[in-house]
Amino acid sequence: MTQDTTFHHGDAPSVASIIEMRDIEKHFGNIIALAGVSFDVRPGECHCLLGDNGAGKSTFIKTMSGVHKPSAGEIFFEGKHMDFDSPRDAMEAGIATVFQDLAMIPLMSVTRNFFMGREPTKGRGLFKRLDAAKANRVTVEEMRNMGINLRGPDQAVGTLSGGERQTVAIARAVYFGAKVLILDEPTSALGVRQTSNVLATIDRVRKQGIGVVFITHNVRHAMSVGDRFTVLNRGKTLGTAKRGDITPEQLQDLMAGGQELAQLEGSLGGTV
Amino acid sequence: MTQANAHTVDERLKAESFGSKLMKRPELGAIAGVVLVVLFFLVTADRSMFTMAGFMNFMTPAAQLGILAIGAALLMIGGEFDLSIGSMVAFAGLFFAVCVVNWGLPLIVAIPATFIFAALVGSINGTIVIRSGLPSFIVTLAFLFILRGLSLVGLKLATGGSTQLRGVREAVQGDWLAPVFSGDAFKGLFEALGRAGLVETFNNGAPKVPGIPVEIVWFIAMAIGATYVLLRTPVGNWIFASGGDANAASNSGVPVKKVKVSLFMLTACCAALVAIITVMDSGSTDARRGFQKEFEAIIAAVIGGCLLTGGYGSAIGAFFGAIIFGMVVIGLTYTDFDQDWFQVFLGGMLLIAVLFNNAIRKRVTGER
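Because the structure is a prediction, the values reported are computed rather than measured.

1. Some details on the overall build of chain B
Phase 1 of the analysis: Scanning chain B from terminus to terminus reveals 16 helices and 4 strands.
Phase 2 of the analysis: Relative to the globule expectation of 21 Å for 368 residues, the C-alpha radius of gyration of chain B, 22 Å, shows essentially globular dimensions.
Phase 3 of the analysis: Seen through its principal axes, chain B has C-alpha atoms that stretch 75 × 55 × 40 Å.
Phase 4 of the analysis: Per-residue burial over chain B gives 48% buried out of 368 residues.
Phase 5 of the analysis: In chain B, 78% of the contacts between residues at least 6 apart in sequence involve partners at least 24 apart.

2. Overview of the overall build of chain A
Phase 1 of the analysis: A count of helices and strands for chain A gives 9 helices and 12 strands.
Phase 2 of the analysis: When burial is assessed residue by residue, chain A has 44% of its 272 residues classed as buried.
Phase 3 of the analysis: Taking the contacts inside chain A whose residues are at least 6 apart along the sequence as the reference set, 70% of them involve residues at least 24 apart.

3. Some details on the nonpolar core
All names here are of chain B.
Phase 1 of the analysis: Counting 187 residues, the largest nonpolar core has Ala69, Ile70, Ala73, Ala271 and Ala301 as the members making the most contacts within it.
Phase 2 of the analysis: Looking at this core element by element, the count peaks at 19 residues for helix α13 (residues 256-282).
Phase 3 of the analysis: Once you skip the residues sitting within four places of it in the chain, Ile70 turns out to touch Met222, Ala223, Ala226, Cys270, Ala315, Ala318 and Phe319.

4. Description of helix α6 (residues 192-207) of chain A
Residues and elements named next belong to chain A.
Phase 1 of the analysis: Taking 1.5 Å per residue, 16 residues should reach 22 Å; α6 reaches 23 Å between its end C-alpha atoms and fits that length.
Phase 2 of the analysis: When we look at burial in α6, the residues that qualify are Thr195, Asn197, Val198, Leu199, Thr201, Ile202, Val205 and Arg206.
Phase 3 of the analysis: On its buried face, α6 is in contact with β3 (46-51), α5 (162-175), β9 (180-184), β10 (211-216) and α7 (219-225).
Phase 4 of the analysis: Two residues or fewer after α6 comes Gly209, characterised by a positive phi angle close to 90°.

5. Topic: the interface of chain A and chain B
Phase 1 of the analysis: With 28 residues of chain A at the contact, the number on the chain B side is 25 residues.
Phase 2 of the analysis: Elements with a contribution of two residues or more to the side of chain A that touches chain B: α2 (87-93), β8 (129-130) and α4 (132-145) of chain A.
Phase 3 of the analysis: The element that contributes the greatest number of residues to the side of chain A that touches chain B is α2(A), accounting for 3 residues.
Phase 4 of the analysis: Within the side of chain A that touches chain B, the residues separate by chemical class into 14 nonpolar, 6 polar and 8 charged.

6. So, the sheet that holds strand β4 (residues 72-77) of chain A
Residue and element names in this part refer to chain A.
Phase 1 of the analysis: Read from one edge to the other, the open sheet built from 4 strands follows the order β2-β1-β4-β5, with strand pairing classed as antiparallel. Pairing within the sheet leaves two strands with one partner each, and these edge strands are β2 (31-41) and β5 (80-82). Direction aside, the axes of adjacent strands within the sheet are offset by 30° on average.
Phase 2 of the analysis: Each of β1 (19-28) and β2 touches helix α1 (residues 57-64); the most contacted strand, β1, lies at about 120° to it.

7. Remarks on the environment of A:Val213
Residue and element names in this part refer to chain A.
Phase 1 of the analysis: The topology assignment puts Val213 in strand β10.
Phase 2 of the analysis: According to the C-beta neighbour criterion, Val213 is buried, with 25 such atoms within 10 Å.
Phase 3 of the analysis: In this structure, the C-alpha to C-alpha distance between Val213 and Asp23, residues 190 residues apart in sequence, is 18 Å.
Phase 4 of the analysis: Other than its neighbours up to four places away in sequence, Val213 contacts Val41, His47, Leu49, Ile61, Val180, Ile182 and Leu183.

8. Side note on unusual backbone geometry
Phase 1 of the analysis: Located in the positive-phi region is A:Arg234, a residue other than glycine, with phi close to 50°.
Phase 2 of the analysis: For A:Arg234, the location among the structural elements is in the loop between β11 (228-233) and β12 (236-242).
Phase 3 of the analysis: In this structure, B:Phe186 is a non-glycine residue whose phi angle is positive, near 60°.
Phase 4 of the analysis: With respect to the helices and strands, the residue B:Phe186 is situated in the loop between β2 (184-185) and α9 (187-195).

9. Some thoughts on the pairing of β11(A)
Residues and elements named next belong to chain A.
Phase 1 of the analysis: With 5 of 6 residues buried, β11 is to be regarded as a mostly interior element.
Phase 2 of the analysis: Pairing geometry for β11 and β12, over 5 bridges, is antiparallel. Among the inter-strand pairings, Asn233 is bridged to a residue of β12, identified as Lys236.
Phase 3 of the analysis: The turn linking β11 back onto β12 is made up of 2 residues, and Arg234 within it adopts a positive phi angle of 50°.

10. Quick look at α1(A)
All names here are of chain A.
Phase 1 of the analysis: With 6 of 8 residues buried, α1 is to be regarded as a mostly interior element.
Phase 2 of the analysis: Taken together, the buried positions of α1 are occupied by Lys57, Thr59, Phe60, Ile61, Thr63 and Met64.
Phase 3 of the analysis: Where α1 terminates, the next one or two residues include Gly66, which has phi positive at roughly 90°.

11. Side note on the packing of helix α10 (residues 214-232) of chain B against helix α11 (residues 234-244) of chain B
All names here are of chain B.
Phase 1 of the analysis: Interaxial distance between α10 and α11 falls to 5 Å at its minimum, and their mutual angle equals 80°. Put simply, α10 runs roughly perpendicular to α11. On α11, the residues that touch Val229, Leu230, Leu231 and Arg232 of α10 are Val235, Gly236 and Ile239.
Phase 2 of the analysis: When its residues are assigned to classes, the contact of α10 with α11 shows 5 nonpolar, 1 polar and 1 charged.

12. Brief notes about the sheet that holds β10(A)
Residue and element names in this part refer to chain A.
Phase 1 of the analysis: The strand order across the open sheet built from 6 strands is β6-β9-β10-β3-β11-β12, with neighbouring strands paired in mixed fashion. Two strands bound the open sheet, and with one partner strand each, they are β6 (95-98) and β12. If you compare each strand with its neighbour and ignore which way they point, the axes differ by 15° on average.
Phase 2 of the analysis: The sheet contact formed by β3 and β10 spans 5 bridges and is parallel. Each residue of the ladder has a partner; that of Cys46, found in β10, is Val212.
Phase 3 of the analysis: α1 rests against β3, β6, β9, β10 and β11 of the sheet, and its axis sits at about 155° to β9.

13. A few points about the pairing of β6(A)
All names here are of chain A.
Phase 1 of the analysis: Residues Ile95 and Thr97 line one face of β6 and the alternating positions Ala96 and Val98 line the opposite face, and both faces are buried.
Phase 2 of the analysis: Here β6 pairs with β9 via 4 bridges, running parallel. When the bridges of β9 are listed, Val98 appears paired with Leu183.

14. Quick look at the confidence of the model for chain B
Residues and elements named next belong to chain B.
Phase 1 of the analysis: For chain B, mean pLDDT is 88; residues scoring 70 or higher make up 92% of the total.
Phase 2 of the analysis: Low confidence marks residues 1-8, where pLDDT is under 50. Its contacts with residues over four positions away, or in another chain, come to 3 contacts.
Phase 3 of the analysis: As a predicted assembly, this complex carries a pTM of 0.83 together with an ipTM value of 0.79.

What counts and what doesn't
Residues numbered from 1 in each chain as written. Chains lettered and ligands numbered in written order. Predicted model: local features only at pLDDT ≥ 70, side-chain atom pairs only at ≥ 80, totals over all residues. Helix = DSSP H or I, 4+ residues; strand = E, 2+ residues; numbered from the N terminus. Rg over C-alpha atoms; globule rule 2.2 N^0.38 Å. Buried ≥ 20, exposed ≤ 12 C-beta atoms within 10 Å, placed from the backbone. Contact = placed C-beta atoms within 7 Å. Core = buried A, V, L, I, M, F, W, Y, C linked by C-beta atoms within 7 Å. Expected span 1.5 Å × (residues − 1). Nonpolar A, V, L, I, M, F, W, Y, C, P; charged D, E, K, R; others polar. Pairing = 2+ DSSP bridges. Axes fitted to C-alpha atoms, helices over the stretch in contact; angles between N-to-C directions. Parallel < 35°, antiparallel > 145°, perpendicular 65-115°, else oblique. pLDDT = per-residue confidence, 0-100.

Below is the structure:
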C-alpha cells in the first residue's frame, strides 16, 4: 500500500505539536512498563503508534489520557507543561481517548452514552436539569453526519454493531472539541467493511484539524491512513518515521524486534 | 454519506409497535404486578380493603418500606448493594431517641444530627467498598451485624440495661417540627371534605380518615424526586453510568466514586428517615427495629425492575414494588387466607420478577 490510497495525507511538519511526551517512564511495582518513550502529535495528522502485544501501547496512551501518572518524564500540552490528575483533566484540555472497551454502556441509550459525563443542562440552581431535547437532537445529527441512521436517540447502544459503536465513540469525542483523539486499536475486532468505515472516519476527523493517535498492530491499517509512524517495543521507542520513509516490511520488522518474523514471513509468503 | 440519503430509513429496521416500546420500560413489571394483586384482592378480600381507610392501612407499611426501597433502587442502579439498611434503621433510631430523650435536644437539632450521623455511617460503608474493591454485598453484610450489635449495646448503655428506649413521644410533644415527621398530613383538608360530605365521617362529624399519614407523603415525594433526578438530571445519567460500567463511566469523566459514596449516604439517610418517622410514631425504639427490611427493600427494588448487575431500573418501579408489598402484607388480613402465605408470596414474586427482568434486559440490548 503506497501513494495510491484515497486518503489525504496532511503534511504539516512545521506546525507545533499539540501534545508532546518526553522520555515517559512508567513503573508498576518492579515492572517497567515504559522505559523512556517520546512521542508527539501535530494538528491534522494521523500519528500511528505501532507495537506488538505487551509492547506498552496501552500503558502509554493511558498515561497520555490521564489514567496513569508517569513515573518519570514530562508532558507538554500546546507548549505548556502539564500534569493530568485524572482522565477528566485530560479531557478538559482536549485529549479524548476511545478505549478498546469504547467506554460505552450497552444498557444505556445512544444519547445517554453520547453525553455521559458531559450532560447538557438548562435552568439554574435546584432547577438545573438535563436538556433532553437538545441531547437527543445533537446525537441524531452527529450520528447522521458520521453516516449512521439511528432508530431513535433512545436506542440502546447494545443493539449497535461494533463499527457503529466505534463511530459513536469517535463522534462523541469530536463533538466535545477534542484536539487530540486517541484511538486504541479501533479496527482490531472489526470486519473488512467496518474497518474501512472507521479508517474513513479517521480521515474525516483529521481533515478537521484534529491530531489523531492511531494505535494498532496492523501495519496495513496504519499505512493506509498514517502520516507518521512510531514503533514501541518492550517499553521503548524504536524511532518515528514519516510516511514514504519507511516500507510496511520495515515497520513489521521493527514491531517484532526484527528477528523471527523474517523466517516466518518467508514461509507465509509475506502476507502477515 | 451525503445529505441526499441521510434521511432514508434503514430498510432492515422494522417499525416498533407501541406494545413493544412499552415492554422496554423497567417499571412495567411492577405496574403489571400491582394490577394483578389488586385484581386478586378485589376477588378474595373484604370490601373494606378498598375504602379510604383500607387504602391508608396498606399504604402506611408500603410507604415505610418504599422509602427504603427507593434508596436501595438508586444504589442498585448505581451498581452496589446495601444489606445494612435494616440495621441502619435500628441504629439511627437509637441515635435519634438518645438525642431527644437522653440529651433533650429539640427536633430541629436532633433530626439533622440523625441524618448527618446516618450519612457518616453510609459514607464509611461506601468508602470501604470503593477503596477495597470488595463486593458491596460482603462489606454491607458485615455492617448488617455490626450495626445491629451496636444498636443493642448502645440501647443497654443508654437505658441502663433495657433493650427498649421509651419516652420519645413525651420528649417531642409540642415540638413545632413534629408534625412534619409524625401523625397525619392535610388534616384540615380532610375535615373540610368531611363537612362537605365527600369522605366518610363518624357520627360526630369527624372524618373516618383524619389525614394522610406523613410517611405516605414522604414516600410519594421521594418517588417523584428520585425519578426526576434519574431521568432529568446529569446526576441521574452518572448513576446509570456508574452502575452500567464503572470503568467506562470514569474513563468518560463521570465521578464514579463520588456518585457511589453519595448513594451509600443516601440509602443510610433513607433508613434514618424511616427510623425517625417510626420511632416518633411508636414513641420508643428497640433493637429489632428494621429487622430484615434490607431484604424487603431490595426485593421491592428488583420487582420494580432493577437489575442485580446495576445500570438499569427505576424509582417508580421501586415505588410500585413497595405498594405490592404493603397490599399483600395487609391485604391477607382482609381475606380468609393464613397470613403466613405472605413469605411464600414474597419469594415467588421475587423469582418471577428476576426472570421477567432478565428477559427485558435481553430485549433492550438486543442480545440473542
